[in-house]
Amino acid sequence: MAAQKDLYDAIVIGAGIQGCFTAYHLAKHRKRVILLEQFFLPHSRGSSHGQSRIIRRAYPEDFYAQMMDECYQIWAQLEHEAGTQLHRQTGLLLLGMQENSELKTIQATLSRRGVEHQCLSAEELKQRFPNVLLARGEVGVLDKSGGVLYADKALRALQDAIRHLGGLVCDGEKVMEIKPGFPVTVKSTAGSYQAKSLVITAGPWTNQLLRPLGIELPLQTLRINVCYWREKVPGSYGVSQAFPCFLGLGLSPAPHHIYGLPSGEYPGLMKVCYHHGNNVDPEERDCPEAFSDIQDVQILGRFVRDHLPDLEPKPALLEPCLYTNTPDEHFILDRHPKYDNVIIGAGFSGHGFKLSPVVGKILYELSMKLTPSYDLTPFRMSRFPGLGKAHL
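A brief structural summary. For clarity, every value in this text was computed on a predicted model and none was experimentally measured.

What counts as what
Residues numbered from 1 in each chain as written. Predicted model: local features only at pLDDT ≥ 70, side-chain atom pairs only at ≥ 80, totals over all residues. Heavy atoms only, no water. Helix = DSSP H or I, 4+ residues; strand = E, 2+ residues; numbered from the N terminus. Rg over C-alpha atoms; globule rule 2.2 N^0.38 Å. Buried < 20%, exposed > 50% of the residue type's maximum accessible area, 1.4 Å probe, protein only. Contact = heavy atoms within 4.5 Å. Areas by Shrake-Rupley, 256 points an atom, 1.4 Å probe, with all protein chains shown as cover. Lys, Arg positive; Asp, Glu negative; His and termini not counted. Charge placed at Lys NZ, Arg CZ, Asp CG, Glu CD. Core = buried A, V, L, I, M, F, W, Y, C linked by side-chain atoms within 4.5 Å. 1 Å grid on protein atoms, 1.4 Å probe; cavity = no way out; pocket = protein on both sides within 12 Å on 5 of 7 lines; lining within 4 Å. Points joined across faces, edges and corners; volume = space filled by probe spheres on them. Nonpolar A, V, L, I, M, F, W, Y, C, P; charged D, E, K, R; others polar. Salt bridge = Lys/Arg side-chain N within 4 Å of Asp/Glu carboxyl O. Pairing = 2+ DSSP bridges. Axes fitted to C-alpha atoms, helices over the stretch in contact; angles between N-to-C directions. Expected span 1.5 Å × (residues − 1). Bend = angle between axes of the 7 residues up to and from the residue. Phe/Tyr/Trp six-rings, centres within 6.5 Å; stacked < 30°, edge-to-face > 60°. Lys NZ or Arg CZ within 6 Å of the ring centre and 35° of its normal. Parallel < 35°, antiparallel > 145°, perpendicular 65-115°, else oblique.

Glancing now at the overall build of the protein chain. A count of helical and extended segments in the protein chain gives 8 helices and 20 strands. For 392 residues, the compact-globule estimate of 2.2 N^0.38 gives 21 Å, and the protein chain sits close to it at 21 Å. Expressed along its principal axes, the backbone C-alpha trace of the protein chain runs to roughly 65 × 45 × 45 Å. Out of the 392 residues belonging to the protein chain, those deemed buried represent 55%. Within the protein chain, residue pairs in contact and separated by at least 24 positions form 74% of the contacts whose partners lie at least 6 positions apart. Counting every atom, the protein chain has about 16400 Å² of accessible surface; 50% of that belongs to carbon and sulfur. Averaging the locations of the 41 positively and 41 negatively charged side chains of the protein chain gives two centres separated by 4 Å.

Its place among the elements puts Cys-119 in strand β6 (residues 117–120). Overall, Cys-119 belongs to the partly exposed group, its relative accessible area being 43%. Those residues in contact with Cys-119, other than ones at most four positions away along the chain, are Gln-107, Glu-124, Gly-140 and Val-141.

Ranked by internal contacts, the top residues of the largest apolar core, which has 49 residues, are Trp-75 and Leu-355. Listing elements by their share of this core, those giving two or more residues are β1 (7–13), α1 (17–28), β2 (33–36), α2 (62–82), α5 (151–164) and α8 (356–367). Per-element tally for this core: the top contributor is α2, with 8 residues. Among residues more than four places away in sequence, those in contact with Trp-75 are Ile-17, Phe-21, Ile-55, Leu-149, Ala-154, Phe-353, Lys-354, Ser-356 and Pro-357. Counting residues in each nonpolar core, the second largest holds 31 residues, with Val-184, Leu-213, Met-381 and Leu-387 among its members.

Roughly 220 Å³ of volume is contained in the second largest pocket. Val-148, Tyr-150, Pro-262, Gly-264 and Glu-265 are, among the 17 residues lining the second largest pocket, the residues nearest its centre. Sorting the residues of the lining of the second largest pocket by element identifies β8 (147–150), α5 and β16 (269–274) as the ones contributing at least two each. If you tally residues by element for the lining of the second largest pocket, the top one is β16, at 3 residues. By residue class, the composition of the lining of the second largest pocket is 8 nonpolar, 4 polar and 5 charged.

On to the pattern of salt bridges. Proximity of charged atoms lets side chains of opposite charge pair with each other. Counted according to the given criterion, the structure contains 16 salt bridges. The salt bridge partner of Arg-305 is Asp-306, with a shortest N-O separation of 2.9 Å. Residues joined in a network through salt bridges with shared partners are Arg-57, Asp-62, Asp-69, Arg-112 and Arg-113.

The next point concerns the sheet that holds β8. Overall, antiparallel pairing links the 3 strands, which are arranged β3-β8-β4 in an open sheet. The outermost strands of the open sheet, each flanked by one partner alone, are β3 (52–55) and β4 (87–89). With direction set aside, neighbouring strand axes in the sheet form an average angle of 25°. The strands that α2 touches are β3, β4 and β8; relative to β3, the one it contacts most, it runs at about 135°.

Turning our attention to α2. With 21 residues, α2 should cover 30 Å at 1.5 Å per step; its first-to-last C-alpha distance of 30 Å lies within 8% of that length. The largest bend in α2 amounts to roughly 25° and is located at Asp-69. One or two residues past the end of α2 sits Gly-83, with phi positive at roughly 70°.

So, on to the packing of aromatic side chains. Under the defined criterion, the tally for this structure stands at 15 aromatic pairs. Note on Tyr-64 and Phe-379: the rings are 5.9 Å apart at their centroids and 50° apart in plane angle, and the pair reads as tilted. Note that Tyr-64 is positioned in helix α2 and Phe-379 in the segment after α8, a separation of 315 residues in sequence. You'll find Tyr-64 and Phe-379 in the same group, each marked buried. Here Phe-379 falls in the buried class, since its relative accessible area comes to 1%. Residue placement shows Arg-57 over the ring face of Tyr-72; its charged tip is 3.9 Å from the ring centre.

Attention now goes to the pairing of strand β13 (residues 220–231). For β13, the tally of buried residues reaches 10 of 12 residues, placing the bulk of the element in the interior. As defined by bridge partners, β13 adjoins strand β18 (residues 311–325) across 11 bridges and the pair is classed as antiparallel. From the neighbouring strand, Asn-225 faces β18, where its bridge partner is Pro-320. Here 2 bridges tie β13 to strand β17 (residues 278–279), and the two strands are oriented antiparallel to one another.

Counting through the fold element by element, Asn-325 comes out in strand β18. Non-local contacts of Asn-325, meaning those with residues more than four positions away in its chain, are made with Pro-218, Leu-219, Gln-220, Gly-347 and Ser-349.

Moving on, we come to the packing of α2 against α8. Axis separation between α2 and α8 bottoms out at 7 Å; the angle between their running directions is 100°. With respect to α8, the element α2 is oriented roughly perpendicular. Two secondary-structure elements touch here, α2 through Met-67, Glu-70, Cys-71, Ile-74 and Trp-75 and α8 through Ser-356, Pro-357, Val-358, Lys-361 and Ile-362. Split by residue class, the contact of α2 with α8 holds 7 nonpolar, 1 polar and 2 charged.

Here it is as structure tokens:
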């Protein structure tokens with residue numbers, strides 16, 4: 001535990017990928033930073049655990065595609081610093097109906113930003129990836145820059161880097177109280193800390209920390225079933241067969257996105273998931289009721305049967321994960337409306353992991369009152385009614 005008299009440049013609450021990258025950027029700029037995590041590391045209670053995530057430039061929104069250019073650079077830099085592989089380029093295969101508006105917008109964004117990609121007809125896709133089936137009218141777009149991030153390894157690399165750069169990573173310390181002002185005071189189960197600024201990146205627990213500060217964000221916490229499906233022939237959907245990550249956009253029978261990564265995390269199993277889930281209290285993630293709704297698994301089973309015929313149509317393994325997002329599924333990157341040295345980062349689940357290098361940079365800039373490197377208009381909390389001011 002740090003001495004209570006110390007004054008830090010910043011306290012960061014929450015050691016998921018966003019909090020870790022925020023602390024990393026602070027430490028890299030020689031700021032005195034302490035990162036507080038309520039659970040002992042590593043843990044699987046939040047949204048950043050697990051072995052893999054997709055990285056891609058394929059976005060319908062130009063502001064995300066722009067941010068991803070720098071994200072790729074910072075991921076490569078961290079990989080070099082850590083001396084271990086954190087990323088593997090596999091390509092990302094987008095699947096959708098030919099007339100799908102989101103798919104068309106993504107193609108336009110990729111073209112505008114000069115990202116190498118290839119449009120594939122059903123026949124071309126069958127020749128390239130014979131173990132993927134398309135229904136009538138469905139097409140594919142291959143973003144060649146897409147790939148896999150090794151999530152657990154990235155978290156460990158960041159936490160090691162923060163310590164190496166002089167920052168403190170304190171796990172097993174739940175925050176009990178925040179006293180705003182200058183300096184801001186944070187009391188945890190193990191001590192009391194003061195800092196010039198505070199960054200909250202607490203995922204599903206964000207509103208628990210913000211309510212006493214007079215605001216509540218429109219965050220929804222979902223329990224997602226992370227599903228793994230057994231290959232009929234081991235390796236048939238693996239990177240050794242040059243199989244890409246994929247993202248299904250509006251494909252029947254799924255109203256939400258379906259995504260998958262090449263097999264490799266578990267021998268002979270491929271990760272295929274549904275970008276939706278059930279509302280859940282983060283403290284009750286593992287209660288029996290959280291497992292009761294299997295509609296998402298049934299939707300995935302039909303998708304696997306119809307599109308990935310070399311997988312068994314029932315999942316071999318299910319792992320829980322918490323998603324916390326906003327109604328429009330865009331992030332919140334902003335200052336507290338009353339306390340300008342309290343910075344909030346929230347609503348990252350589903351697609352935030354790949355963007356965390358730049359999110360962490362932005363949160364660092366806000367905490368140090370620097371001009372943000374990106375236009376934050378899409379991420380201001382004022383876009384939601386009633387969130388322009390605190391209610392104390």
